[in-house]
Amino acid sequence: MAKYQDTFDSTEVVELRIHGVSNTPPASMLDIDPEQLQQVAGDEDTLIFRAEPEVSHKRRVRAYSWGNLTQGRNLALKNLQRALWMLLLPFAFANVALWTRQRPPETSETASRTDGLSAFWLRLFALSLTITFTLAVVGVALDQVVWQWMNPASTGNAADVGWLAFLRDSGVHDTSRSLTLGGAAAAAVMLIVWAVARRSFQYEAETGLVSTPAEGTELWDLASPDSPHSPFESRWFWRGNVQVSHLSRTHLTAVLSVITLATALPLVLPGDFDASGADRALYSLVCIVAVLTLMGAVVCLFLPVATRREANAWGGHVSAALVGVAAANTVMTLFCLSVWRVDVTPEGGLPWYAETVLWLSVFQVVVLLGLWVWSPKVQHARAAWKGRGAAVLATTGWFLALLYGATLLYYTADFLNGAGNPAGQDQSIVLPSALQVAAACVAPVLVALVLVAGSALLRIGTYTKTRYAELMAQEPTPPRTHRARRAHDVAKAQGLHDFLERDAVSWLGAIVFGGFLLSLGAAGYAVLQADGAEGASLEPGGVIPGLTGIGGRLLLLLAIALAFVAAQVYSGGTLRRVIGIVWDVATFWPRACHPWAPPSYAERCVPQLATYVGNRDAASSPGFILAGHSQGSVLAVATLWQLPRANRDRCALLTFGTQLRAFYGRTFPAFFDQEQLERLAGALTPGAGADSGNSPPPRWRSLWRPTDPIGYPVLDRDGADDDASGPLAPVDHGPVKDPDSLSPPVNDYIDPRIWGHTDYWVEADYEAEAELLAAALRSPAGAP
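Conventions adopted
- Residues numbered from 1 in each chain as written.
- Predicted model: local features only at pLDDT ≥ 70, side-chain atom pairs only at ≥ 80, totals over all residues.
- Heavy atoms only, no water.
- Phe/Tyr/Trp six-rings, centres within 6.5 Å; stacked < 30°, edge-to-face > 60°.
- Helix = DSSP H or I, 4+ residues; strand = E, 2+ residues; numbered from the N terminus.
- Lys NZ or Arg CZ within 6 Å of the ring centre and 35° of its normal.
- pLDDT = per-residue confidence, 0-100.
- Contact = heavy atoms within 4.5 Å.
- Pairing = 2+ DSSP bridges.
- Axes fitted to C-alpha atoms, helices over the stretch in contact; angles between N-to-C directions.
- Parallel < 35°, antiparallel > 145°, perpendicular 65-115°, else oblique.
- Left-handed = near helix turned anticlockwise from the far one by under 90°.
- Nonpolar A, V, L, I, M, F, W, Y, C, P; charged D, E, K, R; others polar.
- Salt bridge = Lys/Arg side-chain N within 4 Å of Asp/Glu carboxyl O.
- Buried < 20%, exposed > 50% of the residue type's maximum accessible area, 1.4 Å probe, protein only.
- Core = buried A, V, L, I, M, F, W, Y, C linked by side-chain atoms within 4.5 Å.
- Expected span 1.5 Å × (residues − 1).

Asker: Can you help me understand the packing of aromatic side chains in this one?
Answerer: Centre distance and the angle of the planes are the two values used to describe a pair of aromatic rings. All told, the structure shown has 34 aromatic pairs when counted by the stated rule. When the centroid spacing of 6.4 Å and the interplanar angle of 85 degrees are considered together, the rings of Phe588 and Tyr664 count as edge-to-face. You can see Phe588 sitting in the loop between helix 18 (573–586) and helix 19 (602–614) and its partner Tyr664 sitting in helix 22 (residues 660–667), a full 76 residues away along the chain. Here a set of aromatic residues connected by ring pairs shows up, and it is made of Trp66, Trp99, Phe232, Phe237, Trp238, Phe588, Trp589, Tyr601, Tyr664, Phe668, Phe671 and Phe672. Above the face of the Tyr760 ring, Arg705 is positioned so that its terminal group lies 3.9 Å from the ring centre.

Quick look at the structure:
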């Protein structure tokens with residue numbers, strides 16, 4: 001017998017409510033007391049509730065709760081998991097960049113190959129971010145601790161770190177055994193990062209029990225570009241366990257190869273060490289194998305298994321064999337270093353470490369430059385950043401990776417230097433020149449961000465004044481003081497709504513592009529100022545070292561600010577809604593580019609919802625209303641495209657407080673642009689294939705409020721642009737009046753609440769639209 005069992009007449013319409021980023025409690029979604037909740041389906045992570053006893057409705061109302069996938073059930077575990085996943089945020093941005101690309105022209109046979117090359121380009125960049133993280137850990141363990149701090153020549157200025165004293169006192173310094181400890185520590189840290197991501201791979205194994213309508217449709221990035229379907233219709237879109245496992249093994253191979261090279265190279269390159277010819281030959285062979293496995297990891301990114309296609313499982317065996325060779329090579333290197341002692345005299349920084357950091361950064365700048373310059377012709381008029389979404393998001397991920405790496409390396413060096421300054425005259429633990437230049441860029445970037453933030457506030461103030469004037473024009477003259485103050489509160493909410501819709505996306509792109517231009521100059525300066533063969537450090541004194549010291553202190557403030565944002569994202573309120581959408585957008589998309597990004601909750605939600613809806617007999621059921629709030633509307637749209645046509649024809653869609661057009665349509669045009677949204681509206685229109693002139697309106701209604709900061713109309717107005725004053729498309733119902741009035745109603749003394757983004761389901765407009773859709777589903781013709 002099933003653990004949970006829902007009971008309702010198969011002839012009744014079911015309204016399934018799906019919450020958004022704020023994880024609205026099921027009781028609030030159903031507008032009942034928590035004691036009345038009864039779970040009728042799901043498990044501990046995703047749950048479906050109803051009221052007990054059932055509230056009298058003309059339709060059955062259910063609440064689908066998926067918040068445990070992103071927030072967790074245990075508070076302490078949730079906070080720990082969130083902190084660990086925040087470390088993966090650069091990977092998340094690199095992963096989302098893949099999905100911002102535009103669909104290539106449908107008439108070009110080479111377009112799919114070009115698009116496939118851009119996917120490989122992004123996956124190569126994602127692999128370089130993993131190497132950046134690895135080099136940061138290697139820099140701490142091998143370069144700063146083992147090679148520099150343990151060096152007897154550094155004891156004069158270096159800090160006396162008691163808990164690391166055993167490394168100097170145990171006799172392992174000046175030998176290859178110290179490299180063993182550093183290499184093992186670096187490998188352990190990166191394996192923890194891999195394990196954090198690996199524990200969530202089961203998300204991609206969640207598949208629905210229903211078959212999709214387009215059985216021949218593959219994932220669009222390497223598929224035939226002439227398909228008229230939505231990319232969400234691909235039967236492989238939410239089945240990424242094979243792809244993610246392959247990409248994860250590829251990244252792990254690169255990590256192990258880099259650690260092996262960093263550990264063994266000091267015993268191969270010319271230097272002051274005591275090694276026999278056999279030792280040199282052994283470690284030379286180790287380095288050759290590491291280089292080959294690293295190259296093999298790059299090749300694996302171009303195999304068909306790197307995409308979500310069925311007939312390519314053999315490629316997974318290639319990556320499995322490759323990671324096995326890389327792991328065996330690393331273990332053998334560490335074992336040999338620990339058993340056969342080779343005396344080494346450290347001098348300066350770890351050989352080739354500073355150069356590797358520098359040229360990896362230059363390579364990443366070149367890749368990003370290619371993304372900024374090599375952009376296809378804009379296919380979608382409203383695409384954000386003129387179709388360069390991949391460049392914007394990939395650059396943002398790179399900035400975050402640099403922030404993490406620079407903060408870790410700078411403050412470890414500062415700690416080990418004791419009284420010395422990593423960027424000053426008395427440094428004993430030196431930093432690579434590329435890192436010093438990166439830290440020097442922090443101060444001007446923060447100044448620019450402060451100026452942009454101030455300009456944004458002024459812009460919001462302008463919108464607020466305009467909205468306030470509109471409200472006051474409706475008031476008697478002179479207006480009452482209380483109503484004027486209340487009108488100002490409403491105007492502020494409306495001003496924020498206008499700014500986020502009209503300016504926020506373009507301003508974000510301008511900020512990122514400005515930062516990238518600064519990074520171009522910084523990379524060129526770092527190359528020109530590399531210190532001889534070692535390239536280890538810039539000369540103390542001067543403007544750049546001075547900015548490096550300032551930037552190094554600011555790095556800690558940035559890290560603290562990022563931690564604060566991470567803590568506040570799930571704490572509720574406006575910050576949760578505005579900033580939380582960035583996190584939930586990032587974790588909506590499958591891990592098809594970077595396998596160590598935070599897991600995609602949609603990999604579970606969409607197959608589960610498709611199964612729940614699709615398992616109901618389409619012949620006898622009036623159908624479902626998928627009611628999605630905010631991010632829940634995105635899940636609802638993806639679910640509808642995954643349904644067989646017979647089931648989708650018995651569904652209706654109710655969205656409210658949604659960003660389908662304003663944000664998703666601009667940033668992910670191949671999935672949510674005007675054409676795709678109109679296609680979905682057509683699929684939900686009864687008799688759409690017949691005489692369109694006599695077709696009823698689509699079974700899709702959307703509500704929005706002018707005070708909702710992230711809720712907008714779904715389809716454009718019948719005019720030319722967002723500011724058009726023409727009637728809204730038939731899908732949209734709004735603006736919903738909020739608040740009801742500027743003063744307390746009769747028999748009350750409290751002003752009506754400004755609802756903004758919350759509690760659409762208590763609105764009379766919501767109930768009216770839901771019942772209209774239910775009536776349409778009950779009607780044989782499907783017309784409202």
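Asker: Can you help me understand the confidence of the model for the protein in this one?
Answerer: In low-pLDDT segments, the atomic positions of the prediction should not be examined closely. When pLDDT is averaged along the protein, the result is 80, and 75% of the positions lie at 70 or above. In this model residues 104–111 is a low-confidence stretch, pLDDT under 50, and it forms eleven contacts with partners more than four residues away in sequence or in other chains. Segment residues 532–537 is flagged for pLDDT under 50; beyond a separation of four residues in sequence, or across chains, it makes 22 contacts in the model.

Asker: What is the right way to look at the sheet that holds strand 2 (residues 37–42) in this model?
Answerer: Think of a sheet as strands paired side by side through backbone hydrogen bonds, with each pair either parallel or antiparallel. Here we have eight strands laid out as an open sheet, ordered 2-3-4-1-7-8-9-10, and mixed in their pairing. Both edges of this open sheet fall to strand 2 and strand 10 (732–733), since each of them pairs with a single strand only. Against the sheet, helix 19 contacts strand 1 (14–18), strand 3 (47–51), strand 4 (60–65), strand 7 (624–629) and strand 8 (651–656), and its axis sits at roughly 160 degrees relative to strand 4. Its contacts with the sheet put helix 20 (residues 631–642) on strand 1, strand 7 and strand 8, and the angle it makes with strand 7 is roughly 145 degrees.

Asker: Would you explain the pairing of strand 2 in this entry?
Answerer: Each regular strand shows side chains that alternate between the opposite faces of the sheet. Across five bridges, strand 2 lies against strand 3 in antiparallel orientation. Residue pairing for strand 3: Gln38 is matched across the bridge by Arg50. Counted along the chain from strand 2 to the antiparallel partner strand 3, the turn is four residues long.

Asker: Can you walk me through the packing of helix 12 (residues 389–417) against helix 16 (residues 504–528) in this structure?
Answerer: In a pair of packed helices, the angle between the axes and the distance between the axes together describe the arrangement. It is the contact of helix 12 with helix 16, at a shortest axis distance of 10 Å, that shows an interaxial angle of 60 degrees. As judged from the angle between their axes, helix 12 and helix 16 are oblique. Two packed elements cross with a definite hand, and for helix 12 against helix 16 that hand is left-handed. Taken together, the residues of helix 16 that come into contact with helix 12 (itself represented by Val392, Thr395, Thr396, Trp398 and Phe399) are Gly509, Val512, Gly515, Phe516 and Ser519. Tallied by class, the residues present in the contact of helix 12 with helix 16 amount to five nonpolar, five polar and no charged.

Asker: Would you take a moment to explain the pattern of salt bridges for this structure?
Answerer: Note on pairing: side chains with opposite charge can pair once their charged atoms come close. With the rule as written, the count across this model stands at 20 salt bridges. Glu15 is paired through a salt bridge with Arg59; the nearest N and O atoms lie 2.4 Å apart. With Glu15 in strand 1 and Arg59 in the loop between strand 3 and strand 4, this pair connects stretches of sequence that are 44 residues apart. The exposure classification of Glu15 matches that of Arg59, with both residues buried. We note a salt bridge from Glu54 to Arg62, for which the minimum N-O separation is 2.8 Å. Salt bridges here are not isolated pairs; linked through shared partners, they connect Glu12, Arg50, Glu52, Glu54, Arg60 and Arg62.

Asker: For this particular structure, what's the right way to read the nonpolar core?
Answerer: General note: in soluble globular proteins, nonpolar side chains tend to be found buried as a group. Phe232, Phe588, Trp589, Phe672 and Trp700 are the most contacted members of the largest nonpolar core, which totals 173 residues. Among the elements that make up this core, the one with the highest residue count is helix 5 (residues 111–149) (20 residues). Phe672 has contacts with Phe232, Trp589, Val634, Val637, Leu660, Tyr664, Gly665 and Leu677, leaving out every residue within four places of it along the chain. Among the nonpolar cores identified, the runner-up in size contains 24 residues, and Ala652, Leu654, Ala770 and Ala774 belong to it.

Asker: What am I meant to see in the pairing of strand 9 (residues 700–703) here?
Answerer: Here strand 9 shows no split at all, with Trp700 and Ser702 on one side and Arg701 and Leu703 on the other all buried. One ladder, built from four bridges, connects strand 8 with strand 9; its direction is parallel. Among the inter-strand pairings, Phe656 is bridged to a residue of strand 9, identified as Leu703.

Asker: Looking at this model, I keep getting lost on the packing of helix 11 (residues 353–373) against helix 12. Mind explaining?
Answerer: Relative to each other, helix 11 and helix 12 sit at 160 degrees, their axes nearing to 9 Å. Taken together, the axes of helix 11 and helix 12 are roughly antiparallel relative to one another. The crossing of helix 11 and helix 12 is left-handed. The residues of helix 12 that touch helix 11, namely those facing Tyr353, Ser361, Gln364, Val365, Leu368, Leu371 and Trp372, are Ala390, Ala391, Val392, Ala394, Thr395, Trp398 and Leu409.

Asker: Could you clarify how one ought to interpret unusual backbone geometry in this entry?
Answerer: Glycine aside, a negative phi is what most residues show, and trans is what most peptide bonds show. Going from Glu52 to Pro53, the amide bond is cis rather than trans, its omega being 5 degrees. Following the sequence through the fold, Pro53 ends up in the loop between strand 3 and strand 4. The omega angle of the peptide bond from Asp738 to Pro739 is -5 degrees, so this bond is cis rather than trans. Along the chain, the position of Pro739 falls in the loop between strand 10 and helix 25 (764–778).

Asker: Is there a simple way to think about helix 12 in this case?
Answerer: Think of an α-helix as 3.6 residues a turn; residues three or four steps apart then line up on the same face. Its 29 residues place the ends of helix 12 42 Å apart at the C-alpha level, agreeing with the 42 Å of an ideal helix rising 1.5 Å per residue. With 25 of 29 residues buried, helix 12 is to be regarded as a mostly interior element.

Asker: Teacher, can you tell me more about the side chain of Thr333 here?
Answerer: Note on placement: Thr333 falls in helix 10 (residues 314–339). We classify Thr333 as buried; its relative accessible area is 1%. Setting aside its immediate chain neighbours within four residues, Thr333 contacts Thr260, Thr263, Ala264 and Val286.

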